[in-house]
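Listed below, chain by chain, are the residues.
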Amino acid sequence: MMNNLLKGKKGIIFGALNPDSIAWKVAVRAHEEGATVTLSNTPVAIRMGETNKLGEQINAEVIGADATNVEDLENLIKKSMEVLGGKIDFILHSIGMSPNVRKGRHYSDLDYNYLDKTLDVSAVSFHKVLQVARKMDAINEWGSVVALSYVAAQRSFFGYNDMADAKALLESIARSFGYIYGRERNVRVNTISQSPTITTAGNGVKGFDRLLDFAERMSPLGNATGDECADYCITLFSDLTKKVTMQNLFHDGGFSNMGMSLRALEQYEKGLDKICACDNDKPHADEHRYD
Ligand SMILES: NC(=O)c1ccc[n+]([C@@H]2O[C@H](COP(=O)([O-])OP(=O)(O)OC[C@H]3O[C@@H](n4cnc5c(N)ncnc54)[C@H](O)[C@@H]3O)[C@@H](O)[C@H]2O)c1
């Protein structure tokens, strides 16, 4: 449904790798709602992925930037203002990556160089985007900056690994920077905590198909899809949410406030006759039965 909610607005969208990417869906919806945007991703993702195809589809310039690199971000923001013809109204940070997850490192056996990378890519990059944008005075008054998070920032989730720590930091940055940017320039900063969604990053999480099924059974409204997440992002970029800032907003069909649902319980009961490995003796320190 098109409502011209972003008519005349200018945005930067990070993280559209392929049509499954949440950022891809946000870019398409932003275009439909009347915004003009630039798209950004790492040079390697642009080469290997389909960001350029999206650029052609919505007539958006694609500008390469590693979001952990301040110079790249300065260049991206400068070029975006040139291409779009002025200051930016909204930014989507839709970036996540954990080398520990990729390499199968267990949370009790993290590689700390990888952890630094996880935190830099998935959380500190959000601070860098905000800091560079503020120093360049690149965001219009009442602009809106959104990053995507996950409920593992608040609760422990099997297999989410060091990404949980990255999401906790990401949400904290939204609060800390949201205060500064709000006071100074009326710019709002929020995170959206999204349901599990089938994407390249999502599929990297251990046991993802079962997590998706569990969340679906637990959520009274069912899992929120990537398209629905895009709709939610549009509302936060629009002028209809001008006083929403420093929030972590759950977009998860109600999952985050559930304890147990009938649908999940019934499924659990079906498997009660099977003995789970967790019932056996305590594992040794080097076994990762509870990962
Ligand atoms: N898929 C899910 O289940 C889910 C749920 C909640 C939150 N999220 C979050 O949504 C966001 C988008 O992920 P997605 O699920 O659409 O997957 P995705 O794999 O499509 O997107 C992740 C993007 O991050 C980009 N990226 C990685 N390193 C980068 C860097 N150094 N600089 C710039 N970009 C970089 C990748 O190229 C990719 O485009 C992530 O923050 C993710 O944690 C995803």
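Conventions used here
- Residues numbered from 1 in each chain as written.
- Predicted model: local features only at pLDDT ≥ 70, side-chain atom pairs only at ≥ 80, totals over all residues.
- Heavy atoms only, no water.
- Near = heavy atom within 4 Å.
- Polar contact = N/O pair within 3.5 Å; in protein donor to acceptor, adjacent residues only side chain to side chain.
- Areas by Shrake-Rupley, 256 points an atom, 1.4 Å probe, with all protein chains shown as cover.
- Helix = DSSP H or I, 4+ residues; strand = E, 2+ residues; numbered from the N terminus.
- Nonpolar A, V, L, I, M, F, W, Y, C, P; charged D, E, K, R; others polar.
- Phe/Tyr/Trp six-rings, centres within 6.5 Å; stacked < 30°, edge-to-face > 60°.
- Buried < 20%, exposed > 50% of the residue type's maximum accessible area, 1.4 Å probe, protein only.
- Lys NZ or Arg CZ within 6 Å of the ring centre and 35° of its normal.
- Axes fitted to C-alpha atoms, helices over the stretch in contact; angles between N-to-C directions.
- Parallel < 35°, antiparallel > 145°, perpendicular 65-115°, else oblique.
- Contact = heavy atoms within 4.5 Å.
- Arc of directions from axis to C-beta.
- Pairing = 2+ DSSP bridges.
- Right-handed = clockwise from strand over helix to strand, strands pointing away.

Here's the deal with the site of the ligand
Here's step 1: Taken together, 27 residues are adjacent to the ligand, and Ser21, Asn41, Lys167, Thr197 and Thr199 come closest.
Here's step 2: Ser21 is positioned with one of its side-chain polar atoms (N or O) 2.6 Å from an oxygen atom of the ligand.
Here's step 3: In the environment of the ligand, an oxygen atom lies 2.9 Å from a nitrogen or oxygen atom belonging to the backbone of Ile22.
Here's step 4: When the ligand sits alone it has 820 Å² of accessible area, and the protein chains cover 93% of it.
Here's step 5: Counting residues per element, the shell around the ligand draws most heavily on helix α8 (residues 200-203), which supplies three residues.
Here's step 6: Residue classes in the shell around the ligand are distributed as 12 nonpolar, 13 polar and two charged.

Structural notes on the packing of aromatic side chains
Here's step 1: Within this structure, the stated rule accounts for six aromatic pairs.
Here's step 2: Aromatic pair Tyr150 and Phe157: ring centres 5.5 Å apart, planes at 55°, arrangement tilted. For the pair Tyr150 and Phe157, one class covers both residues: buried.
Here's step 3: Between Tyr150 and Tyr160 the ring centres are 4.8 Å apart and the planes differ by 45°, which places this aromatic pair in the tilted class. Taken together, the residues Tyr150 in the loop between β5 (139-149) and α7 (163-185) and Tyr160 in the loop between β5 and α7 connect sequence positions 10 residues apart.
Here's step 4: According to the relative accessible area criterion, Tyr150 is buried, its value standing at 7%.
Here's step 5: Cation over ring: Lys242 sits above Trp142, and NZ or CZ is 5.3 Å from the ring centre.

Some thoughts on the packing of helix α1 (residues 22-32) against helix α3 (residues 51-58)
Here's step 1: At a closest axis distance of 10 Å, the pairing of α1 and α3 adopts a crossing angle of 10°. In this view, α1 runs roughly parallel relative to α3, as classed from their interaxial angle. On the side of α1, the interface is formed by Trp24, Ala27, Val28 and His31, while α3 contributes Thr51, Lys53, Leu54, Gln57 and Ile58.
Here's step 2: Tallied by class, the residues present in the contact of α1 with α3 amount to five nonpolar, three polar and one charged.

Focus on the side chain of Thr241
Here's step 1: Along the chain, Thr241 turns up in the loop between α10 (226-237) and β7 (248-251).
Here's step 2: Setting aside residues no more than four positions away along its own chain, Thr241 makes contact with Arg188, Thr235 and Leu236.

Focus: helix α9 (residues 208-218)
Here's step 1: Residues of α9 that are buried include every one of Phe208, Leu211, Leu212, Ala215 and Met218, and no others. An end-on view of α9 places all buried positions within 135° of arc, on one side of the element. More than 90 degrees from the buried face of α9, the exposed residues found are Asp209 and Arg210.
Here's step 2: Buried-residue contacts for α9 involve α8 and α11 (262-270).

Things to note about the pairing of strand β1 (residues 10-14)
Here's step 1: When you tally the buried positions in β1, you get five out of five residues, the bulk of the element.
Here's step 2: Of the two faces of β1, the one lined by Lys10, Ile12 and Phe14 and the one lined by Gly11 and Ile13 are each fully buried.
Here's step 3: As judged from the five bridges shared by β1 and strand β2 (residues 36-41), these two strands associate in the parallel manner. If you follow Ile13 over to β2, its bridge partner there is Leu39.
Here's step 4: What joins β1 to β2 is α1, and the crossover it makes is right-handed.
Here's step 5: Relative to strand β4 (residues 88-93), β1 is paired through three bridges, and the arrangement is parallel.

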